[in-house]
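Examining the three-dimensional arrangement
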Amino acid sequence: MLVLRCSPFALCALTGLVLACTNDPYPRSDAHSSVFYSAFTEAPKSLDPAVAYNVSDHAIIGNIFDTLLEYHYLARPYTLIPGLAVAVPEAQPQADGRVRYHFELRDDLLFQDDPCFALGQPKRSTRQLVAADVAFALARIADPAVNSPVTEPFSHIVGLRQFGERLEHARRTDARFARLPVHQQYARVGPIEGLRPRNALELEVVLTEAYPQLLYWFAMPFSTPIPWEATAYYDGRKGRPTLADHPVGSGPYRLTRYDKQARIVLDRNEQWYGLRHPEWRAPGATYPAQGEAQDRAAGLLDPRVVGQPLASIKRIDWRREKEPIPLFNKFLQGYYDAAGIIRESFDKVIREERLSPEMRALGVRLNKSVIPAVYYIGFNMDDAVVGVRGGERSRLLRQAMSLAIDAREYLRLFSNGRGISAQSPLPPGIYGYEAGYRNPFRQLDVARATALLRQAGYPGGIDPRTRQPLRLTFDSSDTTAQGLLRYRFFVDAWRRLGLDVRVAATTYNQFQQKVRDGAYQLFLWGWVADYPDPENFLFLLSSEMARSRSGGPNTANFADARFDRLFLAMKTRSNDAERLALIRQLRAVLEHERPWIELFHPEDYTLFHGWLGQVKPTGMAYPTVKYRTIDLAQRAAQRQRWNRPVLWPLYLLLGLALAIGVPAVITFFREQQ
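The structure displayed is predicted, hence computed values, not measured ones. (Residues numbered from 1 in each chain as written. Predicted model: local features only at pLDDT ≥ 70, side-chain atom pairs only at ≥ 80, totals over all residues. Heavy atoms only, no water.)

**Focus: the pattern of salt bridges**
Side chains carrying opposite charge are able to pair once their charged atoms draw close together. Tallying each qualifying case throughout the model produces 39 salt bridges. Bridged by salt links that share partners, the residues R100, R196, R198 and E204 form one connected network. (Salt bridge = Lys/Arg side-chain N within 4 Å of Asp/Glu carboxyl O.)

Written as structure tokens, this is what we have:
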């Protein structure tokens, strides 16, 4: 009886719970807050700016660490603008061949509030950012213990490499020195000859030779100023995290929650100079007034935002989504402001390369951008069969294999057509890319490929030594079923020539070991630009960067004296007619020698809800959230419209409550009488 008497009340309580429940994953208090919601799939590897070197890590730390220089948000080709620096410095050639750059920092720049600053002065929570902090950050890049992946390009700074060698020697030979805090170690073995802080705000950087690309590195987090207090305090001891998990920067946002397996939150840094000094109207803290011709039509030069101080978004909230389908569903519910397009829904979202009517009805916008990257199949040029030792025969083999690959079909099958066929290493947006150029060995032509194989001494793909199809190995670090399907596409293409190419799929570590040992013939690889300059693509084929010689990124081990000579002449030139002529000659060498089969430049399709304003895809990994705006009222209304509660279970429960409750009440009163 007790059960029956309590059931109506329990049902009422349950009904109340149903009324209170929604599918909104965020607290009600955030409903009208300027929060940008996004998702990540892989946990960050490191937030240490000297170490972090992948797109997902930079998507986070780029908002935390301001840099001396930045890229103009709207201008294309990519243009450097001042960030923490007052101006973009000019190269000053010296009589001895060295080149000097003079950086001047803005006055009254502060680091974010952090307990580490009490090390320098009790109760202090921040301090002014000075030129010595930039020099300290660059010393960390030279430090072998930090293991920065960008030591090589910064070694153009006079004495930087020698500083690292002195540091390593002192640590190895002097135990007392090795126990000192890092900043004291740097002070004892320093300074670095080519880094000269003139005073608190001025820093001279002297290079051993002309290297104009260095300025691009000053627009990346590697060179962001680092306070010595952060390295001393966040040492991983006594329960404190390391810099890899606790960044201390001076950018527009600061890390306030870091559960890298589930959620990452950045809140606006109220110490950022853009918020403290909007009257400076600094280029990196003010919405730009100029852009490309199409930017005005796209609403990116709206008079209501042009010239306004940044950053209006107060918080960035990333939630981890391991699977793409739940992520995309939450985007459609309005709980993420932006998303990519999952393969399963591509045909529903995109029709004839445009948004489907259903998506347009939701107010969703599509942004497409070609990523400055190239994917390619490489030949190991040290290999006896496909490399230079095979002479003309191997060259003809490489040319034939290149002619057999249809990159457009590959993109159609595996990327929903997102990408453009690559004709050379240079993608669109990079100086030297010419849309009209057609590589004669990157046009599908099986008949010509067959003829070249015959000329190479492999008629019908048959190796005359074995009288069997020529067997080659295609190494892969992708053991997934989808990955094997991709490789199968290429293998099948070469089978049409009579070649027997076999996929050797191993773990990533095993694959890397094969590369280190030179035990490979063909491989599939990609490269995303560090900075928008042709040097950052063509250096991948310079002999100085050969994997077998220096451990560099030239995994094809391509070594060609003419290419090297042209590359050195092109490397340090400004973008003029002579540089373009050199690039065309470099391209011709690659066209003939075929160390790569260039496949495609990927194209990024990103969906944004209509309430997110001032969105322009960059294609490169630099932060843009500070430029964006959110129409909070529109977002709230759309979310409410798209997530109306399903009420029939509620009505069912109410009916059930009445069906049970009314007889119970009648019974109760009868018992009382």
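After presenting the structure, the write-up continues.
**A closer look at a nonpolar patch on the surface**
On the surface, L658, V662 and I666 cluster together into a nonpolar patch covering about 270 Å² of accessible area. Mapping L658 onto the fold places it in helix α25 (residues 648-672). For L658, a relative accessible area of 55% puts it in the exposed group. (Patch = residues over 30% accessible without salt bridge, like charges linked within 9 Å, V, L, I, M, F, W, Y side chains within 5 Å. Areas by Shrake-Rupley, 256 points an atom, 1.4 Å probe, with all protein chains shown as cover. Helix = DSSP H or I, 4+ residues; strand = E, 2+ residues; numbered from the N terminus. Buried < 20%, exposed > 50% of the residue type's maximum accessible area, 1.4 Å probe, protein only.)

**Points about the packing of aromatic side chains**
Two numbers describe a pair of aromatic rings. These are the distance of the centres and the angle of the planes. Tallying each qualifying case throughout the model produces 41 aromatic pairs. Where F136 meets Y186, the ring centres are 5.3 Å apart and the plane angle is 45 degrees; that geometry is what we call tilted. Taken together, the residues F136 in helix α3 (residues 131-142) and Y186 in helix α7 (residues 182-189) connect sequence positions 50 residues apart. Each member of the pair, F136 as well as Y186, is classed as buried. One aromatic cluster in this structure is built from Y53, Y71, Y78, F103, F154, Y216, W217, F218, F222 and Y531. Stacked on the ring of Y458, the Lys or Arg R393 has its end atom at 4.3 Å from the ring centre. (Phe/Tyr/Trp six-rings, centres within 6.5 Å; stacked < 30°, edge-to-face > 60°. Lys NZ or Arg CZ within 6 Å of the ring centre and 35° of its normal.)

**Things to note about helix α12 (residues 324-332)**
Burial in α12 covers these residues: L327, F328 and F331. The buried residues of α12 all sit within an arc of 95 degrees when viewed along its axis, so they share a single face. On its buried side, α12 packs onto β1 (35-40), β11 (338-340), α13 (346-349) and β22 (596-608). In the segment just after α12, G334 is the residue with positive phi, at about 90 degrees. (Arc of directions from axis to C-beta. Contact = heavy atoms within 4.5 Å.)

**What about unusual backbone geometry?**
R76 connects to P77 through a cis peptide bond whose omega is 0 degrees. Tracing the backbone through its elements, the reader meets P77 in the loop between β2 (69-71) and β3 (80-82). One non-glycine residue, E353, lies in positive phi territory at about 65 degrees. When you line up the elements, E353 lands in the loop between β12 (350-351) and β13 (354-355).

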